[in-house]
Amino acid sequence: MVRRVACIGAGFVGGPLGTVIASQCAHIQTAVVDINPEIIDAWNSDTLPLYEPGLSEILLAVRERGHNSVRGFSFNEGHHANGLSKCNLTFSTNVEVAIEEAEMIFLCIDTRTKTTGPGEGFALDMTNLKAAVRTIARVAKTDKIIVEKSTVPCGTASTLRDLLKTEANGACHFEVLSNPEFLSEGTIISDLLYPSRILIGSEMTPSGRKASDKLAEIYRKWVPDDLIIHMDSWSSELSKLAANALLAQRVSSINSLASICEETGADINFVSTACGLDRRITRAMLQPSLGWGGGCFKKDISCLVYLARGLGLEQVANYWASVVEINEYQKARFLERIISHMHGCVGKKFIAILGFAFKKNTSDTRNSAAITLVRGLLAEGAFVSVYDPLVPESQILADSSMRLSKAEPGQLQICKTAYQACTGADAVVVVTDWDDFHTPLRAIPRDSSNLNLPPTLNSPDMHERKAGLNVRIRIHESLDWRTVVDSMQGPKLIFDGRNMLDGEYLQALGCRYICIGKRVT
Amino acid sequence: MSHDIPMEDFSSPSDSSLSCSTAPTTPSSSPLVRPSDVDDLKLGLPQSRLGESDPRDEAVKNVCVVGAGYVGGPTAAVLALYHPSITVEVLDRDPARIQRWQSAHLPVHEPGLDTVVRIVRDGAEVEDEAPTRASSAAATRAQNLFFTRDTRAIARADIVFMAVNTPTKMFGVGAGCATNMTAFDGAMRDVATHAKPGAIIVEKSTVPGGTAERVRRMLATLRPGVPFEVLSNPEFLAEGSAVQNLTIPDRVLIGSSSTPSGHRAAQTLANLYSAWVPRARILETNAWSSELAKLVANAMLAQRISSINSISAICEKTGAEVDQVAKAIGLDVRIGPQFLKAGLGFGGSCFRKDIANLAYMAESLGLDDVAHYWRQVNVMNERQCDRFSRKIVDRFEGNLVGRKLAMLGFAFKKNTGDTRESLAVDVIRVLLEERPAEIAIFDPYCRQEDILRELELVCPGIAEGGTVKIHTDPYMACSQAHAVLVVTDCDQFRNTPRKQSPPAASPVEKGLARSIADDCHENVKRACARQERETWTHAGVSYQLTPQSCGSDCADCRSISRPTTEAVEWTRIAYNMVEPKWVFDGRGLLDAAELANLGVRVDAVGRRNALDVLA
């Protein structure tokens, strides 16, 4: 039985993973380590470096338990941490000690898409991951099980095995497992506690299988046995890429059809509902929108495309590349649509952008459609005002900056409220599906992503977010569209990039409503 | 839903669409009404209607289904079953087909269809088993399904269903992509001429988006001033489970013109369905959306297959196993497990056709990126099949001359004898170019002449060539073969006893209520024995079927042969093969390790061969 684990990398994956393991397995001493002291300090403070619903509650409970067992009082079934230890979860910068002590090491290191050299824009940058593995090879004095949590190119497990063979002194034995994470920002804790499946890929040898069982044993504390699947590491690495590719493909498919709907009399909302009722298709991820964003989908598909190309499977590469193309096309098309509805010219017109993050409840702006829109509108000479409840002003400015050199001063304005952004605007564009932006008739959020959280962890109305050292506490507040429309100036266009607003309601308020996948009559 | 439903006619599929007998086509004459024709039917309209008439169908007394093909026949039969008070007439201009629908040998083979047709076509003794009813005395249910060539059926109908064939256009502008609407338009002209004022015209066939609008204009031209409503109500039937898809549909789409009278018409049709479909599953949209939704549903299913097949290509080059990947992906509830089986690709007529149609539509709207996106799904499918053929050639170092190849399966999917649109043809075409000594084909359901006819289409002269031989015995086909190709996912071909399937033709999915197809299964068997009167119970009602018999000289009765449902013995096949003894598993249904023990080399889709690992 594994008693000590280490998570290398204290980011979106490593931190929550370590916390959940510590909370579910009281007998396991969990160390989360990172070379970045700031992030570690934040984890050890009361202001966590990232916001995820439920995370702070779980972390607090783990710490409480630590305090209690110091006082000789243990909540956990018989396991007590040898009397003197406080908490079974530690955050530290001492990577080498953690490696030395741990029996199992989770690699939770960020692997970004390469921005230079061969495979630029497609391949993943493995520098940090390999550096960590070299460190393991160097400092390890006992046998280790190394678990890849990060998204890695297929075949990384065998690469790492080779690396360990050449780098290590040969005194101890290493097993490399692939155990891809399926976490999405905003629901990480719920994804960890109630996973749809746990994939464990190992070498198909007796010792590989044994290591795989050891990892499964940890998960079995809170995950039903039938959701834990053993396979070879190639398959599990590929599964991660393929799952994200298929999800993104669903969105691209429905978005490609939205463009057909806009040219014909069909309504994408009907089409999407009708298809979602088919049990073989299922309804998730069929909501027409401005396209998918975020860090994962594009990264994973690019990785898949790069892999296929490397294997000489040009058709396969093209097939998946088209999923990305449609996504870019969708954003560009929406921009064109805005411009054409404003009579082909947006110069000197005032356009409000509501929402800048790629999806609600996050401040992540990677691949957000807002970037394409804002840059495009600025290039066309429009005056753009942006409001987002979470994204910091500096981030918006950085993301929009590409064409700013050409832009006039004051062309881009970041607003503190939606009303401020919309006042005097010719057009309002809803980009992010924040609950705040719903029109009254549909005020109930349709998103049920939080529903499988235990009630105590479910705090949908509260979004706290660390910006610098301050924690912003945000109470969800519905936008009053009447005020917005009244403050706009003619022709009062509202572009709904998420199909989340009630068009009839808005039209009754005296504006024109344009959404995705529906012809404007 | 229409995974691969051929909606073409069943009599002469090899000809161009002009021979589509589901539809009254020939425009030059007036083919439909020929009073001199002896085959013309006298319509036995029921004198009295039995059972309480449902107040909901008050408005609807007569329904006409135009086209007695794969869609029209089963749809009409199920509609008639649930509405004893409505007279359902199926119109087709092909006398042979009408005659078959009236005989004991239906032109369409679907589990459960026989029984349903017999009840509604021949009448039955009905006994309500519900205990609440005071009298459970047997009553007689009159016939309410009729097959006819008489266009007057249109004139009687309150609702006209258009279920004619709409194949892909194979010539001119949009060849291979656009829909050939000749049959549909021909039938539509007849409907426009004969339909009574106020009739509701329902598109069942898969048609290009905007057809409802076009039909409206056509009616306005031919019958100016006469009110008609046009609805789109696409079918979602899959071959082998058509009756079940009709009785337990995932959803019923009704597309109407968004006018008050359009909504009323949609309501009338919805009422018809609500006799057996929960209201929540009946979705009203505008006609454009419902026409498009049909194409999209098929396109998205096909896309799932192409996606997993593209992954299988990666798997073959790396160490991953596609089945493992598919399982891992399918556990994500947002993706779901269905239609993620890697294989040779999708066959059948619907997927390819609907995607081509969708891409063509996008292209004509100027949406080239969208057209390209969806076309990739078909491209991937072709490549997948091509990869399979090429791999075979590669394994023989590019030389198939003098080799014997055996092919297990020919149909595009299991449990069907439908030979059309099978990928087997594409595989054979590529392999024949390598001039092998022989290609031996065995399929448990397909008839020899059907297979040859399909092959003739792509490789003219193949029947005389003698290279391709069709066997009725798998061991004969595989004897002395250098390679065996598994092309169809028939359970008979599996080598693992664990997955031994129940007898064929039971595609009922788990977790569903006992369906008609289940209920009928026993009866269909007994019908073959033709003894005592048969009974059938469905939805708390038990039906006593009217006995049916054919003349002693009935050729159909004699030619009925039971397909082999027995699993093939791989030991025997392997023993009689000759080196290098390759088995190419195009459907991923064989247990490779098990098979390798028999001394054969196995190459399965989506899995790296051990040879490549060494190399």
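Since we're looking at a predicted model, the values are computed, not measured.

### Regarding the overall build of chain A
Now for step 1: Tallying secondary structure elements over chain A gives 17 helices and 16 strands in all.
Now for step 2: Counting only residues that meet the buried cut, chain A has 52% of its 521 residues in that class.
Now for step 3: In chain A, of all internal contacts separated by at least 6 residues, the share reaching a separation of at least 24 is 75%.

### Remarks on the overall build of chain B
Now for step 1: Scanning chain B from N- to C-terminus turns up 21 helices and 18 strands.
Now for step 2: Out of the 615 residues belonging to chain B, those deemed buried represent 55%.
Now for step 3: Long-range contacts, defined here as pairs at least 24 residues apart, represent 77% of the contacts in chain B between residues at least 6 apart.

### Here we look at the domain arrangement of chain A
Residue and element names in this part refer to chain A.
Now for step 1: Taken domain by domain, chain A comprises domain 1 (4-223) and domain 2 (243-443 + 478-515).
Now for step 2: Contacts between the two partners involve 12 residues from domain 1 and, on the opposite side, 12 residues from domain 2.
Now for step 3: Classifying every residue of the side of domain 1 that touches domain 2 by side-chain character gives 6 nonpolar, 5 polar and 1 charged.

### Focus on the interface of chain B and chain A
Now for step 1: Across the contact, 56 residues belong to chain B and 54 residues belong to chain A.
Now for step 2: Among the secondary structure elements, those contributing two or more residues to the side of chain B that touches chain A are strand 10 (282-286), helix 9 (287-317), helix 10 (322-330), helix 11 (350-364) and helix 12 (368-395) of chain B.
Now for step 3: No other element matches the 17 residues that helix 9 of chain B contributes to the side of chain B that touches chain A.
Now for step 4: Taken together, the residues of the side of chain B that touches chain A break down into 31 nonpolar, 16 polar and 9 charged.

### Brief notes about the nonpolar core
Now for step 1: Formed by 338 residues in total, the largest nonpolar core has its most connected members in Ile351(A), Ile353(A), Val429(A), Val160(B) and Leu485(B).
Now for step 2: For this core, the leading source of residues is helix 9 of chain B, giving 17 residues.
Now for step 3: If we skip the residues at most four places from it in the chain, Val429(A) touches Ile338(A), Ile351(A), Ala352(A), Ile353(A), Leu354(A), Leu373(A), Phe495(A) and Gly497(A).

### Quick notes on the UniProt feature "active site" (unreviewed entry) in chain A
Residues and elements named next belong to chain A.
Now for step 1: As annotated in UniProt, the feature "active site" (unreviewed entry) corresponds to Cys296 in the numbering used here.
Now for step 2: Its place among the elements puts Cys296 in helix 11 (residues 296-310).
Now for step 3: Residue class for Cys296 comes out buried when judged on the 21 C-beta atoms lying within 10 Å of it.

### Some thoughts on the sheet that holds strand 4 (residues 139-141) of chain B
Residues and elements named next belong to chain B.
Now for step 1: The strand order 4-3-16-15 describes an open sheet built from 4 strands, whose pairing is antiparallel. Each having just a single partner strand, strand 4 and strand 15 (535-538) make up the two edges of the open sheet. Pairs of neighbouring strands in the sheet enclose a mean axial angle of 35°, with direction left out of account.
Now for step 2: Alignment of strand 3 (residues 124-128) against strand 16 (residues 541-545), held across 5 bridges, turns out to be antiparallel. In the sheet register, Asp128 faces strand 16, and the bridge partner there is Val541.

### Thoughts on the confidence of the model for chain B
All names here are of chain B.
Now for step 1: Residues at a pLDDT of 70 or more form 80% of chain B, whose mean pLDDT is 81.
Now for step 2: Note on residues 1-57: pLDDT is under 50 here. Beyond four places in sequence and across chains, it has 143 contacts.
Now for step 3: This stretch, residues 498-514, has a pLDDT under 50; its non-local contacts, to residues over four places away or in other chains, come to 24 contacts.

### Description of the packing of helix 10 (residues 268-276) of chain A against helix 9 of chain B
Now for step 1: It is the contact of helix 10 of chain A with helix 9 of chain B, at a shortest axis distance of 9 Å, that shows an interaxial angle of 45°. Relative to helix 9 of chain B, the element helix 10 of chain A lies oblique. With respect to the hand of their crossing, helix 10 of chain A and helix 9 of chain B are arranged in right-handed fashion. Side by side, helix 10 of chain A and helix 9 of chain B meet where Phe270(A), Val271(A), Ala274(A) and Cys275(A) of the first sit next to Ser289(B), Ser290(B), Leu292(B), Ala293(B), Val296(B), Ala297(B) and Met300(B) of the second.
Now for step 2: When grouped by side-chain class, the residues that make up the contact of helix 10 of chain A with helix 9 of chain B number 9 nonpolar, 2 polar and no charged.

### A word on the pairing of strand 10 of chain B
Residues and elements named next belong to chain B.
Now for step 1: Across 5 bridges, strand 9 (residues 252-256) lies against strand 10 in parallel orientation. Paired with Gly255 across the two strands is Thr285, which belongs to strand 10.
Now for step 2: In terms of handedness, the path from strand 9 via helix 8 (residues 260-273) over to strand 10 forms a crossover that is right-handed.

### Quick word on unusual backbone geometry
Now for step 1: Of note, the amide linkage connecting Gly490(A) to Pro491(A) takes the cis form, showing an omega dihedral of 5°.
Now for step 2: Take Pro491(A): it is sitting in the loop between helix 16 (481-487) and strand 15 (493-496).
Now for step 3: Even without being glycine, Glu397(B) reaches a positive phi, approximately 50°.
Now for step 4: Mapped onto the secondary structure, Glu397(B) falls in the loop between helix 12 and strand 11 (404-408).
Now for step 5: Overall, Glu397(B) belongs to the exposed group, with 7 C-beta atoms counted inside 10 Å.
Now for step 6: Even without glycine at this site, Arg435(B) takes up a positive phi of about 50°.
Now for step 7: Its location among the elements puts Arg435(B) in the loop between helix 13 (423-432) and strand 12 (438-442).

### Quick notes on the sheet that holds strand 9 (residues 350-354) of chain A
Residues and elements named next belong to chain A.
Now for step 1: Overall, parallel pairing links the 6 strands, which are arranged 11-10-9-12-15-16 in an open sheet. Two strands bound the open sheet, and with one partner strand each, they are strand 11 (412-414) and strand 16 (512-515). Going across the sheet, the axis of each strand differs from the next one's by a mean of 20°, ignoring polarity.
Now for step 2: Note: strand 12 (residues 427-430) against strand 15, 4 bridges, orientation parallel. Its bridge partner being in strand 15, Val429 is matched across the sheet by Phe495.

### Observations concerning the UniProt feature "binding site: NAD(+)" (unreviewed entry) in chain B
Residues and elements named next belong to chain B.
Now for step 1: Following the UniProt record, the feature "binding site: NAD(+)" (unreviewed entry) maps to Asp92, Arg97, Thr166, Thr206, Glu239, Lys353 and Arg420 here. Spanning 329 residues, the named residues do not form one spatial group; their C-alpha atoms are separated by as much as 24.7 Å.
Now for step 2: Its location among the elements puts Thr166 in the loop between strand 6 (159-162) and helix 5 (182-194).
Now for step 3: Look at Thr166 and you get buried, because 29 C-beta atoms sit within 10 Å.
Now for step 4: The exposure class of Arg420 is buried, given the 21 C-beta atoms found within 10 Å.

### Let's talk about the pairing of strand 14 (residues 483-486) of chain B
Residue and element names in this part refer to chain B.
Now for step 1: Neither face of strand 14 is open: one carries Ala483 and Leu485, the other Val484 and Val486, and all of them are buried.
Now for step 2: Pairing analysis gives 4 bridges linking strand 11 to strand 14, with the strands arranged parallel. Its bridge partner lying in strand 14, Ala406 is registered against Val484.
Now for step 3: Here strand 14 pairs with strand 17 (residues 582-585) via 4 bridges, running parallel. Paired with Ala483 across the two strands is Trp582, which belongs to strand 17.

### Structural notes on helix 1 (residues 72-82) of chain B
Now for step 1: Of all 11 residues that make up helix 1 of chain B, 11 are buried, and the element is covered over most of its length.
Now for step 2: Regarding helix 1 of chain B, the residues found buried are Gly72(B), Gly73(B), Pro74(B), Thr75(B), Ala76(B), Ala77(B), Val78(B), Leu79(B), Ala80(B), Leu81(B) and Tyr82(B).

What counts and how
- Residues numbered from 1 in each chain as written.
- Chains lettered and ligands numbered in written order.
- Predicted model: local features only at pLDDT ≥ 70, side-chain atom pairs only at ≥ 80, totals over all residues.
- Helix = DSSP H or I, 4+ residues; strand = E, 2+ residues; numbered from the N terminus.
- Buried ≥ 20, exposed ≤ 12 C-beta atoms within 10 Å, placed from the backbone.
- Contact = placed C-beta atoms within 7 Å.
- Domains from an automatic or database assignment.
- Nonpolar A, V, L, I, M, F, W, Y, C, P; charged D, E, K, R; others polar.
- Core = buried A, V, L, I, M, F, W, Y, C linked by C-beta atoms within 7 Å.
- UniProt positions renumbered as here; feature names shortened; annotations may be inferred.
- Pairing = 2+ DSSP bridges.
- Axes fitted to C-alpha atoms, helices over the stretch in contact; angles between N-to-C directions.
- pLDDT = per-residue confidence, 0-100.
- Parallel < 35°, antiparallel > 145°, perpendicular 65-115°, else oblique.
- Left-handed = near helix turned anticlockwise from the far one by under 90°.
- Right-handed = clockwise from strand over helix to strand, strands pointing away.

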